[in-house]
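Understanding the architecture of this molecule
Residue strings, one per chain:
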Amino acid sequence: MAASSVLSGARVVLPTGVVENGRVIVEGGKIAGSAPDDAARVDLTGHWVVPGFVDMHVHGGGGASFTNGTVEDVLKGVHTHRLHGTTTIVASTVTGEMDYLAQRAGLLSELVEQGDLAGIHFEGPFISPCRKGAHSEDLLRHPDPAEVRKLMDAARGTAKMFTLATELPGGLDSVRLLAEHGVVAAIGHTDATYEQTAEAIDAGATVATHLFNAMPALGHRAPGPIAALLEDERITVELINDGTHLHPAALELAFHHKGAGQVAFITDAMDAAGFGDGLYHLGPLEVEVKEGVARLVEGGSIAGSTLTLDRAFRRAVTIDGLSVEDTVRAISANPARLLGVYDRVGSLEPGKDADLVVLDAEFTVRGVMRRGEWIVEPGRV
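Now for a description of the structure that goes with this document.

Along its length, the protein chain carries nine helices and 21 strands. Against the globule reference of 21 Å for 381 residues, the protein chain gives a C-alpha radius of gyration of 20 Å, in line with a compact fold. Along the longest, intermediate and shortest principal axes, the C-alpha atoms of the protein chain span 65 × 45 × 40 Å. A total of 381 residues make up the protein chain; the buried ones form 59% of that total. Long-range pairs, those at least 24 residues apart, make up 68% of the contacts in the protein chain between residues at least 6 apart in sequence. Carbon and sulfur atoms provide 48% of the accessible area of the protein chain, an area that totals close to 14800 Å². Here the protein chain holds 31 positive side-chain charges and 51 negative ones, and the gap between their average locations is 3 Å.

This is how it looks when you write it as structure tokens:
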């Protein structure tokens, strides 16, 4: 593309609201405040321009796994999600042997350092066997701070988040360790009580891993973790908005209690995302994907998703009835803030990376730009 370009005519979603017939100026890979006379013009009349999506919890895509794949596999998965509008990606692992996870952290950290990933999320092995979901029970461990530190060190400063069952021995000390080092401690795959969850929040936990899933249901005598996570303003809740993981009423409940500023849409996608039905592996476990729903072959538990964030966006607006502005907060701004990268991505503001998505009137992706380069170039409109 040209060194400078002006995207004009679209409805542009800014932190301050929607600008009708707006324009976005791109220069040198950044969003700029003014354009030179020779800037290329791209007419996007009838479209939306929104910030690039930020996925803080994703395990793979395009037939490639972030947990098991080679560097080339990981990049293939990254590219698959970029085609669907996700310009910032945190690679999530699944439960495995400690030495193997440390090895994976080393590989993934190199991709963070070269700018292909935004960080690493360790989902497991420090989770509850009672709420293990699609994690191998034989490999689960208590969240010993020394072992948490081992994975942090292996990630060489690129660890962004750990999911922990904070009620297990070592859980609270691990939360404090992570908070001290600026790493997000997320409560998930947990069998904690309401009181235990509140204690973990006080210790420094700030995220609920895929709220409602892999945790006790909300009860009127034993409210469990869901009530504590919904009511505390220090917690941002992840939601998998694919129509399978959550009933629409559960999503509405989360937004009602948290507000649009404390929700982060994620995919929790496995390698089948953007690839199709069939047999796959999530870590050491075999998964069958049928009609787009991933379940363990043994036991039938839901095993991640095949979601891409463009589908989550479209569903939020067209089915769940969320405003475009609130959806942008949940899918771009909020996760960027949690990851500590909001100074670079998550909104369309001068000085930030030119990461953006062009959507048509039906909220289908028609263009994706990352750092000023088109990944999906919009046709003439």
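With that settled, the discussion passes to the packing of helix H8 (residues 309-318) against helix H9 (residues 324-338). The N-to-C vectors of H8 and H9 enclose an angle of 150°; their axes lie 9 Å apart at closest approach. In the crossing of H8 with H9, the sense of the turn from one axis to the other is right-handed. Of H9, the residues touching H8 (which contributes Leu-309, Ala-312, Phe-313, Ala-316 and Val-317) are Val-324, Thr-327, Val-328 and Ile-331.

This next bit is on H9. For an α-helix, the turn length of 3.6 residues means that residues three or four places apart are oriented alike. The end-to-end C-alpha distance of H9, which contains 15 residues, comes to 20 Å, matching closely the 21 Å that a straight helix rising 1.5 Å per residue would cover. Maximum bend of H9: about 40°, positioned at Ala-330. Those residues of H9 not exposed but buried are Val-324, Thr-327, Val-328, Ala-330, Ile-331, Ser-332, Ala-333, Asn-334, Pro-335 and Ala-336. In the stretch just after H9, Gly-340 is the one whose phi turns positive, near 75°.

Here we take up the layout of surface pockets. Estimated volume of the largest pocket: approximately 530 Å³. Around the largest pocket sit 29 residues that line it, and Lys-132, Gly-133, Ala-134, Ser-301 and Ile-302 are the ones nearest its centre. Each residue belonging to the lining of the largest pocket can be placed in one class, and the counts come to eleven nonpolar, eleven polar and seven charged.

Once that is clear, we can look at unusual backbone geometry. Residues Gly-124 and Pro-125 are joined by a peptide bond in cis, for which omega reads 15°. Inspection of the secondary structure assignment puts Pro-125 in the loop between strand E10 (119-123) and helix H3 (145-154). Here Arg-156, not a glycine, exhibits a phi torsion of approximately 55°, which is positive. Inspection of the secondary structure puts Arg-156 in the loop between H3 and strand E11 (159-164). Of note in the backbone geometry, Phe-363 takes a positive phi value of approximately 65° without being a glycine. Here Phe-363 shows up in the loop between strand E19 (356-359) and strand E20 (365-370). Here Phe-363 falls in the buried class, since its relative accessible area comes to 9%.

About the criteria used
- Sequence positions are assigned chain by chain, starting from 1 and proceeding in written order.
- Note on the predicted model: pLDDT of at least 70 is required for a residue's local features to be given, and 80 or more for side-chain atom pairs to be given and counted; whole-chain, interface and lining totals, by contrast, use all residues.
- Hydrogens and water are ignored here; the side-chain numbers use all heavy atoms of the structure.
- Put simply, DSSP H or I for four residues or longer makes a helix, DSSP E for two residues or longer makes a strand, and each gets a number counted from the N terminus.
- Throughout, radius of gyration means the C-alpha value; the globule benchmark is 2.2 Å times the number of residues raised to the power 0.38.
- Accessible area is worked out with a 1.4 Å probe on protein chains only. A residue is then buried under 20% of its type maximum, exposed over 50%, and partly exposed in between.
- We call two residues in contact when some of their heavy atoms are within 4.5 Å.
- Here the open area of atoms and residues is found with the Shrake-Rupley method and a 1.4 Å probe, where only the protein chains shown may cover a residue.
- In this charge count, Lys and Arg are treated as positive and Asp and Glu as negative; neither His nor the chain ends contribute.
- Each charge is placed at NZ for Lys, CZ for Arg, CG for Asp and CD for Glu.
- Throughout, an axis means a line fitted to C-alpha atoms (over the contacting stretch in the case of helices), and angles, computed between N-to-C directions, take values from 0 to 180 degrees.
- In this scheme the crossing of two helices becomes right-handed for a clockwise turn of the near helix relative to the far one and left-handed for an anticlockwise turn of less than a right angle.
- Helices are assigned an expected span. That span is 1.5 Å times one less than the residue count.
- In this scheme, the bend at a residue equals the angle between the axes fitted to the seven residues that finish there and the seven that begin there.
- In this analysis, the protein atoms alone were mapped onto a 1 Å grid. Cavities are point sets where a 1.4 Å probe fits without being able to get out; pockets are open sets with protein on both sides within 12 Å along at least five of seven lines; lining residues have an atom within 4 Å of a point.
- Grid points are joined across faces, edges and corners, and a volume is the space filled by probe spheres set on the points.
- Note that Gly is not counted as nonpolar here; it falls among the polar residues with everything else outside the nonpolar set of Ala, Val, Leu, Ile, Met, Phe, Trp, Tyr, Cys and Pro and the charged set of Asp, Glu, Lys and Arg.

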